[in-house]
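Okay, here's what each chain looks like letter by letter:
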Amino acid sequence: IFMINNQAGNIMKDYDAIVVGAGNSGLIAAMELIKKGKRTLIIEQNNYPGGCATSFVRGRFEIEPSLHELCGFGSDDHDGSLVRLFKDFGIQCPWISIKDCFRAIGKYSDGTSFDITLPNGKAKFIEKIEEYVPGSKDKLNLLFSVMEDIHNGLSYISDNRKYSVLHLIKNYPGMLISGSYNVLEVFDALGIPWKAKEILSLYWSYLGVDIEHLNFVHYSSMLYEYISNPIYIPKYTSHYLSSLILKRYQELGGEIWYCVKGEEFLFKDNKCIGIRTNKGDIYAPLVFPDIKQDIIYGKMIREDLVPIRQKKIFNARKGNYSGILSTAYFCLDVDKDELGIKDYSIFFSGNNKKQGNEIFLNDYVIFLCYNVADPEFSPKGTTVVSFTAFADPVFFERLKQEDYYSVKTKMGEYFISLLKDKLSIDISKHIEEVEIATPWTFSRYLNTPMGSVYGHAAEDWDSVVARTLNMDKDYSIPGLYPIGCDTIKGDGYSSAYLAGKDIVDFALERIKEQ
């Protein structure tokens, strides 16, 4: 049943807020709205919730498409931001702990090889790098003290929208000193040994921006959480987590309509008052689109209504997207132990790019074996693994449709040969099901420019720090508040969840002030 406006000028205000898209940010934004007493509607173009946080089935396997790890859980004596969020909403999910941060196999810039495994926990992490790079311990302790300042400073800002700059200067000087610099500049200023820098820079892949352009505060907020505190994944895939959030939202009185696609935002007197969909017009004084901003401002708002500031921002961004990925999922008819797979997460670097058929943007691949974390992830005696790499957008822009499937086959062969070359593990004879996703896949499913999972790269002048400090200016259309990984928190599951909550709080506080 859909609410359709059949009378011109007859604005039906049956909802206080509309959330467009049931992705991570959309689900949490809707939860925050319903918790604050707002009658809320979610519209979702697909017939299930989650966006990237979902699952799909091939044969007898249910496959996790995107989630690698979740941070923000805090420690045993202090709940992290994500735990506080879920507790506040009454969401209870069974979690599985990830033992190590990662294993990395590759080459340093001088051509020498490395094979390292880094444990979770700050002290253990630093000690292990000291083992690999003697003489780095003191510098790493200094680095983590700066990152702790940033972590605590960001928590203070998040809890106090009208924060005191003097309080920041007095209590979190490391955050202010490093705030305008990129990762490489801070590493150099602290004197981090070059091998330690190259190990630490492996983490940039999670954010899709290299360390010469990635703001240190953004990098630090992620790295500190991943290393200092336990990391987890949900039992039963991220689709289960999305379903739990949605179930709680509906228990509190929230509504969701599936197979409803937003087409154009509705305006009156330069204020957003609702959205036109494929099923009719829906009205509310607050609209929170979990949609990439290029789509919002470029396709869903009449040009004369787009603020000059937004036009300038998008011109300055020059279509610089991050998270343009290709992922291959292999469902195997053999147990991981028989194959000799022992690690949940492996970063492969220094790979043969020519072997990748020039499809990939760099020589970096992330390998995951879900059964290492959860032996019950797939049917007994089977294993599910995935490979993710940054794809070259120019290659896929020029790719002809008739060549698409041959390219996907080459990608699969490349990943199979990579695992065989690096670890002498051959999965080619055990493949029961396979699925390969490219930027074309993500573009179609997520409706994102160039298939970008993350949206505009949060780098240099367009960092998460700059986006957060300019919220009052950037959210200049009354009633319209974009959410998601393309906004103030940047990319990633935890960031998207927190952005949904923080932007809703920002909007409600602004309305209260007005």
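Residues numbered from 1 in each chain as written. Predicted model: local features only at pLDDT ≥ 70, side-chain atom pairs only at ≥ 80, totals over all residues. Heavy atoms only, no water.

Asks: Please explain the pattern of salt bridges as it appears in this structure.
Replies: Applying the stated rule across the entire model yields 27 salt bridges. For Asp 505, the salt bridge goes to Lys 36, with nearest N and O atoms at 3.0 Å. One end of the pair, Asp 505, is in helix H20 (residues 493-513); the other, Lys 36, is in the loop between helix H1 (24-35) and strand E2 (40-44), with 469 residues separating them in the sequence. You can call Lys 36 partly exposed: its relative accessible area is 40%. Of the charged contacts in the structure, one is a salt bridge between Arg 302 and Asp 304, with a shortest N-O distance of 2.6 Å. When salt bridges that share partners are traced, they join Glu 32, Lys 36, Lys 501 and Asp 505 into one network. (Salt bridge = Lys/Arg side-chain N within 4 Å of Asp/Glu carboxyl O. Helix = DSSP H or I, 4+ residues; strand = E, 2+ residues; numbered from the N terminus. Buried < 20%, exposed > 50% of the residue type's maximum accessible area, 1.4 Å probe, protein only.)

Asks: Any chance you could explain empty space enclosed by the protein here in plain terms?
Replies: Picture a little ball the size of a water molecule; that probe, rolled over the atoms, points out where space is still empty. Following the criterion strictly, the structure yields one cavity of 30 Å³ or more and no others. Of the pockets and cavities examined, the largest cavity occupies roughly 90 Å³. In terms of lining residues, the largest cavity is bounded by Glu 64, Leu 67, Ile 233, Pro 234, Lys 235, Tyr 236, Thr 237, Tyr 344, Tyr 370, Asp 374 and Phe 377. Partitioned by chemical class, the residues of the lining of the largest cavity number seven nonpolar, one polar and three charged. (1 Å grid on protein atoms, 1.4 Å probe; cavity = no way out; pocket = protein on both sides within 12 Å on 5 of 7 lines; lining within 4 Å. Points joined across faces, edges and corners; volume = space filled by probe spheres on them. Nonpolar A, V, L, I, M, F, W, Y, C, P; charged D, E, K, R; others polar.)

Asks: When you look at the sheet that holds strand E1 (residues 17-20) in this model, what are you seeing that I'm missing?
Replies: The strands making up a sheet are joined through hydrogen bonds of the backbone, oriented either antiparallel or parallel. The four strands lie next to each other as E11-E2-E1-E15, forming an open sheet whose pairing is parallel. Two strands lie at the open edges of the sheet, namely strand E11 (255-258) and strand E15 (286-289), each paired on one side alone. The sheet shows a mean angle of 20° between the axes of neighbouring strands, taken without regard to direction. Judged from the four bridges that link them, E1 and E15 form a sheet pairing that is parallel. Paired with Ala 17 across the bridge in E15 is Leu 286. Those strands touched by H1 are E1, E2 and E15, and its axis lies near 165° from that of E2. Strand contacts of helix H10 (residues 237-251): E2 and E11, with the helix running at about 125° to E11, the strand carrying the most contacts. (Pairing = 2+ DSSP bridges. Axes fitted to C-alpha atoms, helices over the stretch in contact; angles between N-to-C directions. Contact = heavy atoms within 4.5 Å.)

Asks: Got a minute to help me understand the pairing of strand E21 (residues 452-456) in this structure?
Replies: Along any regular strand the residues' side chains alternate between the sheet's two faces. Counting buried positions over the five residues of E21 gives five, a clear majority of the element. Where strand E16 (residues 321-332) meets E21, three bridges bridge the pair, whose relative direction is antiparallel. Bridging from a neighbouring strand, Ile 324 pairs with Ser 452 of E21.

Asks: Just to check I follow, could you spell out a nonpolar patch on the surface for this structure?
Replies: A contiguous nonpolar surface patch, about 390 Å² in accessible area, is contributed by Val 165, Leu 166, Ile 169 and Leu 176. Here the element with the most residues in the nonpolar patch is helix H5 (residues 165-171); it accounts for three residues. Its place among the elements puts Val 165 in helix H5. (Patch = residues over 30% accessible without salt bridge, like charges linked within 9 Å, V, L, I, M, F, W, Y side chains within 5 Å. Areas by Shrake-Rupley, 256 points an atom, 1.4 Å probe, with all protein chains shown as cover.)

Asks: Would you mind showing me how to read helix H3 (residues 122-132) here?
Replies: Note: α-helices contain 3.6 residues per turn, so residues at a spacing of three or four share the same orientation. Inspection of H3 places Phe 125, Ile 126 and Ile 129 among the buried residues, and these make up the whole buried set. Projected down its long axis, H3 shows its buried positions confined to an angular sector of 95°, all on one face. Those residues of H3 that are exposed and aimed more than 90 degrees away from the buried face are Ala 123, Lys 124 and Glu 131. The inward-facing, buried residues of H3 abut strand E8 (100-107), strand E9 (113-119), helix H4 (137-159), helix H8 (194-200) and helix H9 (216-228). (Arc of directions from axis to C-beta.)

Asks: Just checking my understanding: could you explain the state of the cysteines for this structure?
Replies: Each disulfide is one covalent bond, formed between the sulfur atoms of two cysteines. This model, assessed by the stated rule, comprises zero disulfides. The cysteine Cys 101 is free of any disulfide, with Cys 71 supplying the nearest cysteine sulfur at 11 Å. (Disulfide = S-S within 2.5 Å.)

Asks: How should the packing of H3 against H4 be read in this particular structure?
Replies: To describe two helices that pack against each other, one gives the angle between their axes and the distance between the axes. Where H3 contacts H4, the two axes come as close as 9 Å, and the packing angle between them is 145°. Read as a crossing pair, H3 and H4 show a hand that is right-handed. Across the interface between the two elements, Lys 122, Phe 125, Ile 126, Glu 127, Ile 129 and Glu 130 of H3 pack against Lys 137, Leu 140, Asn 141, Phe 144 and Glu 148 of H4. Partitioning the contact of H3 with H4 into residue classes produces five nonpolar, one polar and five charged. (Left-handed = near helix turned anticlockwise from the far one by under 90°.)

Asks: Would you explain the packing of H1 against helix H2 (residues 81-89) in this entry?
Replies: Relative orientation of the contacting elements H1 and H2 amounts to 50°, with a least axis distance of 11 Å. Judged by the inter-axis angle, H1 sits oblique to H2. Classified by chirality, the crossing of H2 by H1 is left-handed. On H2, the residues that touch Ile 28, Met 31, Glu 32 and Lys 35 of H1 are Leu 85, Phe 86, Asp 88 and Phe 89. (Parallel < 35°, antiparallel > 145°, perpendicular 65-115°, else oblique.)

Asks: Looking at this model, I keep getting lost on the environment of Val 260. Mind explaining?
Replies: Mapping Val 260 onto the fold places it in the loop between E11 and strand E12 (262-268). Put simply, Val 260 and Asn 278 are 18 residues apart on the chain and 6.2 Å apart in space, counted from C-alpha to C-alpha.

Asks: Whenever I open this one, unusual backbone geometry confuses me. Can you help?
Replies: A negative phi angle is the norm for most residues apart from glycine, just as the trans form is the norm for most peptide bonds. Despite not being glycine, Cys 259 has its phi angle at roughly 60°, a positive value. Tracing the backbone through its elements, the reader meets Cys 259 in the loop between E11 and E12.

Asks: Looking at this structure, I do not really get the packing of aromatic side chains. What am I missing?
Replies: Centre distance and the angle of the planes are the two values used to describe a pair of aromatic rings. One pass over the structure, following the stated rule, counts 30 aromatic pairs. Consider the rings of Tyr 108 and Phe 114, whose centres lie 4.8 Å apart with planes at 50°: the pair is tilted. For Tyr 108, a relative accessible area of 8% translates into the label buried. Through successive ring pairs, a cluster of aromatic residues spans Phe 73, Phe 86, Trp 95, Tyr 232, Tyr 493 and Tyr 497. (Phe/Tyr/Trp six-rings, centres within 6.5 Å; stacked < 30°, edge-to-face > 60°.)

Asks: Help me understand the environment of Ser 386 in this model?
Replies: Among the secondary structure elements, Ser 386 is positioned in strand E19 (residues 383-391). Apart from residues no more than four positions distant in its own chain, Ser 386 is found in contact with Thr 327, Ala 328, Tyr 329, Ile 366, Phe 367, Leu 368 and Tyr 370. A distance of 3.1 Å separates a polar atom in the side chain of Ser 386 from a polar atom in the side chain of Tyr 370. (Polar contact = N/O pair within 3.5 Å; in protein donor to acceptor, adjacent residues only side chain to side chain.)

None of the figures reported here should be taken as evidence of function without further support.
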